Amino acid sequence: MPIAPQRIGVLGGTFDPIHDGHVTMASKVRTALALDVVLLVPTHRQPFKAEAVTASDDDRVAMCRLAAAEHDFLEVSTVDVERGGTTYTVDTLTDLARDFPDAQLFFIAGADALSRLGEWKDSAKLCTLATFVGVARPGHSLAQLDSPHSVVEIPAMAVSSTDVRRKVHEGDSVKSLVPDVVADYIGEHNLYAGGLDE
């Protein structure tokens, strides 16, 4: 029986769709912090994101699983999708702490997002559940947090899920922006070809 991972990265997001920037971020943080695995955790609905999700939960989870299958350090957790409702980080981490009771969790987010940690639901409890990892461009610093945290510098990648959806909508190839298996899935399931959620 394999030994359960002890150092687990947690990368949440709408992943609508997952793209190469997500995979690169996970890889860089995993290497920098010697993580055993990084969990991709698709959200159900984010409280700070007004933008509507345009692919279903099932499609977003499926694309994450396809991307994860190509990397031995990536796995997918569906705790947020299964819980439903608005996704709050405190609930994500509480559920993952239950699922991995012997692991140390590292929550990965952009430095800008972490600078607003005090606004997150039950922010005081968050500090007891995970070490927060701020991803920043080289030369950018993370504001001091009242919680254990690390900073990992990653060169900015010119790709976003919005860009991917727009290119698909315009009929352009996205194979330079997302894993090939994800590009194939988008085409096979006719995702993002309709109107855009501007």
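All residue numbers refer to positions counted from 1 along the written sequence of the respective chain. Per-residue local features of the predicted model are confined to residues with pLDDT of at least 70, and side-chain atom pairs are confined, for both listing and counting, to 80 or more; whole-chain, interface and lining totals are unaffected and use all residues. Only hydrogens and water are removed before side-chain values are computed, so all heavy atoms of the structure are retained for them.

### With respect to the overall build of the chain
For clarity, the threshold we go by: To qualify as a helix, a DSSP run of H or I must reach at least 4 residues; to qualify as a strand, a run of E must reach at least 2; elements of each kind are numbered from the N terminus. Contacts are assigned to residue pairs with any non-hydrogen atoms lying within 4.5 Å of each other.
Looking only at helices and strands, one finds 8 helices and 6 strands in the chain. The order of α-helices and β-strands along the chain, N terminus first, is β-α-β-α-β-α-α-β-α-α-β-β-α-α. For the chain, contacts bridging at least 24 residues in sequence account for 69% of all contacts bridging at least 6.

### Focus on the side chain of Ser77
Cut-off, in case you're wondering: When a residue's accessible area, from a 1.4 Å probe over protein chains only, is under 20% of the maximum for its type it is buried; when over 50% it is exposed; and in between it is partly exposed. Between N or O atoms, a polar contact is any pair within 3.5 Å; within protein, one atom must be a potential hydrogen donor and the other a potential acceptor, and residues adjacent in sequence are included only when both atoms are from side chains.
Along the chain, Ser77 falls in the loop between β3 (74–76) and α3 (79–83). Overall, Ser77 belongs to the buried group, its relative accessible area being 9%. Of the polar contacts made by the side chain of Ser77, one reaches the backbone nitrogen of Val79; its length is 3.4 Å. In this structure, Ser77 is in contact with Leu39, Leu40, Val41, Pro42 and Leu96, ignoring residues within four places of it in sequence.

### Here's the deal with the nonpolar core
Operational definition: Nonpolar cores are built from buried Ala, Val, Leu, Ile, Met, Phe, Trp, Tyr and Cys residues. Side-chain atoms within 4.5 Å join them into one set.
In terms of nonpolar packing, the biggest core is built from 35 residues, with Ile18, Val29, Leu40, Met63, Leu74, Val164 and Ile186 touching the most fellow members. Elements with a contribution of two residues or more to this core: α1 (20–33), β2 (37–42), α2 (57–68), β4 (104–110), β5 (131–136), α7 (161–169) and α8 (180–188). Leave out the neighbours within four places in its chain, and Met63 touches Phe15, Pro17, Ile18, Val182, Tyr185, Ile186, Leu191 and Tyr192. Listed in part, the 20 residues of the second largest apolar core include Val90, Leu105, Phe107 and Ala109.

### A closer look at α7
Note the threshold: Arc, as used here, means the arc of the directions from the helix axis to the C-beta atoms.
Within α7 the residues assigned to the buried category are Ser161, Val164, Arg165 and Val168. In an axial view of α7, the angular spread of the buried residues amounts to 95°, which keeps them on one side of the axis. Each element contacted by the buried residues of α7 is listed here: α1 and α8. A positive phi of about 85° marks Gly171, the residue just after α7.

### Examining the sheet that holds β2
Within a sheet, adjacent strands bond to each other through the backbone by hydrogen bonds, running parallel or antiparallel. Where we set the bar: Two strands make a pair as long as DSSP finds a minimum of two bridges between them. Axis definition: a line fit to C-alpha positions, over the contact stretch in the case of helices; interaxial angles, taken between N-to-C directions, run 0 to 180 degrees.
If you trace the 6 strands from one edge of the open sheet to the other, you get β3-β2-β1-β4-β5-β6, paired in parallel fashion. This sheet does not close on itself; its edge strands, each paired only once, are β3 and β6 (149–153). Taken over all neighbouring pairs, the strand axes of this sheet differ in orientation by 30° on average, direction set aside. Pairing geometry for β2 and β3, over 3 bridges, is parallel. Each residue of the ladder has a partner; that of Leu40, found in β3, is Val76. Across the sheet, α1 touches β1 (7–13), β2, β3, β4, β5 and β6, and the angle it forms with β6 is around 120°. Against the sheet, helix α4 (residues 89–99) engages β1, β2, β4 and β5, with an angle of about 155° to β4.

### Quick word on α4
Residues of α4 that are buried include every one of Thr89, Val90, Thr92, Leu93, Asp95 and Leu96, and no others. Check the buried side of α4 and you find it contacts β1, β2, α3, β4, α6 (123–129) and β5.

### A word on the packing of α2 against α8
The line we're drawing: Oblique is the label for any angle not under 35 degrees, not over 145, and not in the 65 to 115 range, which are roughly parallel, roughly antiparallel and roughly perpendicular in turn. Left-handed describes a crossing in which the near helix is turned anticlockwise from the far one by less than a right angle; the clockwise case is right-handed. Think of it as three bins: nonpolar holds Ala, Val, Leu, Ile, Met, Phe, Trp, Tyr, Cys and Pro, charged holds Asp, Glu, Lys and Arg, and polar takes everything else, Gly as well.
Their axes nearest at 8 Å, the elements α2 and α8 cross at an angle of 150°. As the angle between them shows, α2 and α8 are arranged roughly antiparallel. Of the two possible hands of crossing, α2 and α8 adopt the one that is right-handed. Mapping the contact onto sequence places Asp58, Asp59, Ala62, Met63, Leu66 and Ala67 in α2 and Val181, Val182, Tyr185 and Ile186 in α8. Partitioning the contact of α2 with α8 into residue classes produces 8 nonpolar, no polar and 2 charged.

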